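Results of the structural survey
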Amino acid sequence: MTELMPTELETGVDTGNGSADGTRGGAGGARLTVLAGPTAVGKGTVAAQIRENYPDIWISVSATTRKARPGEEHGVHYLFVSDEEFDRMIAADELLEWAVVHKAARYGTPRQPVLDKLAEGRPALLEIDLQGARQVRETMPEAHFVFLAPPSWDELVRRLVGRGTETAEERERRLETATLELAAEKEFDVTIVNASVREAADQLVKLIRSPNISGKS
Ligand SMILES: Nc1nc2c(ncn2[C@@H]2O[C@H](COP(=O)(O)OP(=O)(O)O)[C@@H](O)[C@H]2O)c(=O)[nH]1
Ligand SMILES: Nc1ncnc2c1ncn2[C@@H]1O[C@H](COP(=O)(O)OP(=O)(O)O)[C@@H](O)[C@H]1O
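Residues numbered from 1 in each chain as written. Chains lettered and ligands numbered in written order. Predicted model: local features only at pLDDT ≥ 70, side-chain atom pairs only at ≥ 80, totals over all residues. Heavy atoms only, no water.

**Quick notes on unusual backbone geometry**
- Although it is not a glycine, Ala 40 adopts a positive phi angle of roughly 70°.
- Of note, Ala 40 is situated in the loop between strand 2 (32-36) and helix 2 (43-53).
- Under the relative-accessibility criterion, Ala 40 is labelled buried at 11%.
- The backbone phi angle of Asp 93 is positive, close to 60°, even though this residue is not glycine.
- For Asp 93, the position within the fold is in the loop between helix 3 (83-91) and strand 6 (95-101).
- A residue is classified by how much of its surface remains accessible, and Asp 93, at 53% relative accessible area, is exposed. (Helix = DSSP H or I, 4+ residues; strand = E, 2+ residues; numbered from the N terminus. Buried < 20%, exposed > 50% of the residue type's maximum accessible area, 1.4 Å probe, protein only.)

The structure is reproduced here in C-alpha cells:
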C-alpha cells in the first residue's frame, strides 16, 4: 500500500500503450479502478464530483435490491431490481462481483458494460464495498485498488450523522462495519484521504488516467 502525495500523482502519465490483459483497453491504455472505503467517508460524493466534471471517465452503474430513494433514477444511480432479477443475474453469471452490504440489500456490478468500456479504451471506475473489491482483486488483479480514508474517526462519525439517512441503530451497525473496513486499508494499492472532495476527486482522476501505480504492469 502506498500513500500517494499529490506531487507523485502529477507524474502519472498515460502512455497510451494498452495491453490485452482484459483489464486494460487497447487504444487508450484504460484500466479499471476500484474505489472502496468505510461508510460515509464520501465515496458517493467523490464519484458524483467525477461524474460531473470528468465525463470521459465511465462510472459503473450497480444493480441493487434496495429501494430507490427520492431523486434516484433507475439506470442513473442504480439499476433497481427485484430479488428474483438479482438471483437471475447471479445464475447467469452476469455480475463481476456482488455482496450483501450493511446486512440490508444486495449490490452487484454488471460485468459486460465494464468489459465493453475497457475494450473501448475508456477508463472505468467501480464504487463498491470492501467485499466486492476483494472479489474483483481475485478476478481482475491488474485493476487499481484505491482506498478512500477519512481524515479521522471522529470526522467519519460526523459525516455519517450529518448525512442523516440512517437511524441510530443503522448507524451503530455501519460503524461496526467501518472498523473492519478501516483495518483493510493495507490491502489496497493506494490511499486517498478525503479531506476536500475536490482534491480527493482530482487525485483519484489522476490515478484513473495513470496506466501504472504501485509498480503494477
Ligand atoms: N459490492 C458492491 N458494493 C456496492 C455496489 N454498489 C454500491 N455498493 C456499496 O453499497 C454501499 C451502500 O450504498 P448506497 O445504498 O448508495 O448507500 P450509501 O452509500 O450508504 O448512501 C456502499 O458502501 C457502496 O459502496 C456494487 O455494485 N457492489
Ligand atoms: N470531503 C468532505 N468533507 C466534508 N463532508 C464530506 C466530504 N465528503 C463527503 N462528505 C459528506 O459526508 C457524508 C457522507 O458522504 P457519502 O458520499 O454519502 O459517503 P459514502 O458514499 O462513502 O457512504 C455526506 O453528507 C457528504 O456530503
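**Thoughts on the side chain of Thr 109**
- For Thr 109, the position within the fold is in strand 7 (residues 105-110).
- For Thr 109, a relative accessible area of 0% puts it in the buried group.
- In contact with Thr 109, other than residues within four places in its own chain, are Ser 60, Glu 94, Leu 95, Leu 96, Glu 97, Val 114, Leu 126 and Ile 128. (Contact = heavy atoms within 4.5 Å.)

**Some thoughts on the site of ligand 2**
- Surrounding ligand 2, one finds 14 residues, the nearest of these being Ala 40, Lys 43, Gly 44, Thr 45 and Arg 163.
- Arg 163 is positioned with one of its side-chain polar atoms (N or O) 2.8 Å from an oxygen atom of ligand 2.
- Coverage of ligand 2 by the protein chains reaches 72% of its 570 Å² of free accessible surface.
- Cavity membership is defined here by more than half of the atoms lying within 2 Å of grid points; on that basis ligand 2 lies in the largest pocket.
- Among the elements of the structure, helix 2 and helix 6 (153-163) are those that each provide at least two residues to the shell around ligand 2.
- By residue class, the composition of the shell around ligand 2 is 5 nonpolar, 6 polar and 3 charged. (Near = heavy atom within 4 Å. Polar contact = N/O pair within 3.5 Å; in protein donor to acceptor, adjacent residues only side chain to side chain. Areas by Shrake-Rupley, 256 points an atom, 1.4 Å probe, with all protein chains shown as cover. 1 Å grid on protein atoms, 1.4 Å probe; cavity = no way out; pocket = protein on both sides within 12 Å on 5 of 7 lines; lining within 4 Å. Sits in = over half its atoms within 2 Å of the grid points. Nonpolar A, V, L, I, M, F, W, Y, C, P; charged D, E, K, R; others polar.)

**Focus on helix 4 (residues 111-120)**
- Residues Val 114, Lys 117 and Leu 118 constitute the buried set of helix 4. Along the axis of helix 4, the buried positions cluster into a sector of 95°, meaning they face one direction only. Seen from the open side of helix 4, the exposed residues pointing more than 90 degrees away from its buried face are Ala 119 and Glu 120.
- Those residues of helix 4 hidden inside the fold are in contact with strand 2, strand 3 (58-59), strand 6, strand 7 and strand 8 (124-127).
- Positive backbone phi, at 85°, marks Gly 121, one or two positions downstream of helix 4. (Arc of directions from axis to C-beta.)

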